[in-house]
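Each chain is listed here by its residues.
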Amino acid sequence: MDFTQISDDQKHRMLETIGAKRVEDLFASIPASQRLQRALEIPAGCSEPELLDELSALAGRNSAADDLACFLGCGAYDHFVPTVVSDLAMRGEFLTAYTPYQAEASQGTLQAFYEFQTMICQITGMDIANASLYEGASALAEAMLMARSINGRSRVVVSNACHPEYVETLRTYVQRQDIELQAVPAGAGVTKAGELRARLDERVSAVVVQQPNFFGCVEDLEP
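Below is a short write-up of the structure. Since the structure is predicted, the reported quantities are computational estimates derived from the model, not experimental observations.

Cut-offs used in this document
Residues numbered from 1 in each chain as written. Predicted model: local features only at pLDDT ≥ 70, side-chain atom pairs only at ≥ 80, totals over all residues. Heavy atoms only, no water. Pairing = 2+ DSSP bridges. Helix = DSSP H or I, 4+ residues; strand = E, 2+ residues; numbered from the N terminus. Axes fitted to C-alpha atoms, helices over the stretch in contact; angles between N-to-C directions. Contact = heavy atoms within 4.5 Å. Parallel < 35°, antiparallel > 145°, perpendicular 65-115°, else oblique. Left-handed = near helix turned anticlockwise from the far one by under 90°. Nonpolar A, V, L, I, M, F, W, Y, C, P; charged D, E, K, R; others polar. 1 Å grid on protein atoms, 1.4 Å probe; cavity = no way out; pocket = protein on both sides within 12 Å on 5 of 7 lines; lining within 4 Å. Points joined across faces, edges and corners; volume = space filled by probe spheres on them. Buried < 20%, exposed > 50% of the residue type's maximum accessible area, 1.4 Å probe, protein only. Arc of directions from axis to C-beta.

Spatially, the three strands line up as an open sheet ordered E2-E1-E5, and their pairing is parallel. Only two strands of the sheet have a single neighbouring strand rather than two, namely strand E2 (180-184) and strand E5 (204-208). Neighbouring strand axes in the sheet, compared pairwise and without regard to direction, differ in orientation by 25 degrees on average. The sheet contact formed by strand E1 (residues 155-159) and E5 spans four bridges and is parallel. Looking across to E5, one finds that Val 158 is bridged to Val 208. Sheet contacts for helix H6 (residues 136-151): E1, E2 and E5; angle to E5, the most-contacted strand, approximately 155 degrees.

Below, the discussion takes up the packing of H6 against helix H7 (residues 164-174). Contact geometry for H6 and H7: axes closest at 9 Å, N-to-C directions at 45 degrees. With respect to H7, the axis of H6 lies oblique. Note that H6 runs across H7; the crossing there is right-handed. Counting all contacts with H6, which are made through Gly 136, Ala 137, Ser 138, Leu 140, Ala 141, Glu 142, Met 144 and Leu 145, the residues of H7 involved are Tyr 166, Thr 169, Leu 170, Tyr 173 and Val 174. Looking at the contact of H6 with H7, its residues break down into nine nonpolar, three polar and one charged.

On to the layout of surface pockets, then. Its volume calculated, the largest pocket comes out at about 690 Å³. Along the wall of the largest pocket there are 15 residues; nearest its centre are Ile 120, Met 126, Ala 129, Asn 130 and Ala 143. If you list the elements that add at least two residues to the lining of the largest pocket, you get helix H5 (107-124) and H6. Here the element with the most residues in the lining of the largest pocket is H6; it accounts for five residues.

Bringing the environment of Thr 17 into the picture now. Within the secondary structure layout, Thr 17 lies in helix H1 (residues 8-17). We classify Thr 17 as exposed; its relative accessible area is 70%.

The set of residues buried in H7 consists of Val 167, Leu 170 and Val 174. On an axial view of H7, the arc spanned by its buried residues comes to 55 degrees, and they lie on one face. Of the residues in H7, the exposed ones pointing more than 90 degrees away from the buried face are Glu 165 and Thr 172. Here the buried face of H7 lies against H6, E1 and E2.

Here it is as structure tokens:
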């Protein structure tokens, strides 16, 4: 979008509306000793191609995670994104994604939800899959509450390899609920199956694991 400078007449009318005579009056509350009394030492303007060349040169001095070994952990791992993803994302039915609250502008969102839910069902073999939740942590909390309402059980077993912020969200939700969170130890990035099995009984409503998990930062995350 091109930038259009306001006219002198528009500037005068805006100042008149707020009771100021000039732009400098807007900074009257700032002591003169705290103001810059000289012109900014910035280079002269350049053309758009020149600017792009300079920014590209500066960016080229960085080493991206794709160029080096990545040890970030905490759920931030190297991910391969197939080339077809970019092509599909540029299709018109996805480009119109905006908000599900306006039918005339939400077709891209609805199409993305449909494709996502279909893919999840194909991968997991489930009959149905939900979408359109705010983000991962609240979606997890909603799933926990749904399991509780369906089976009436009051204990949720949570792997220590889950994101700690997700666990904090669960803690917030269960403060006023008849639900108990119980941690399962994890080591070397893997939830310990034996420890998990030992915690499964008739009181367990759901088991929470994460894939990819949070291995790399937290070893013991007792809810």
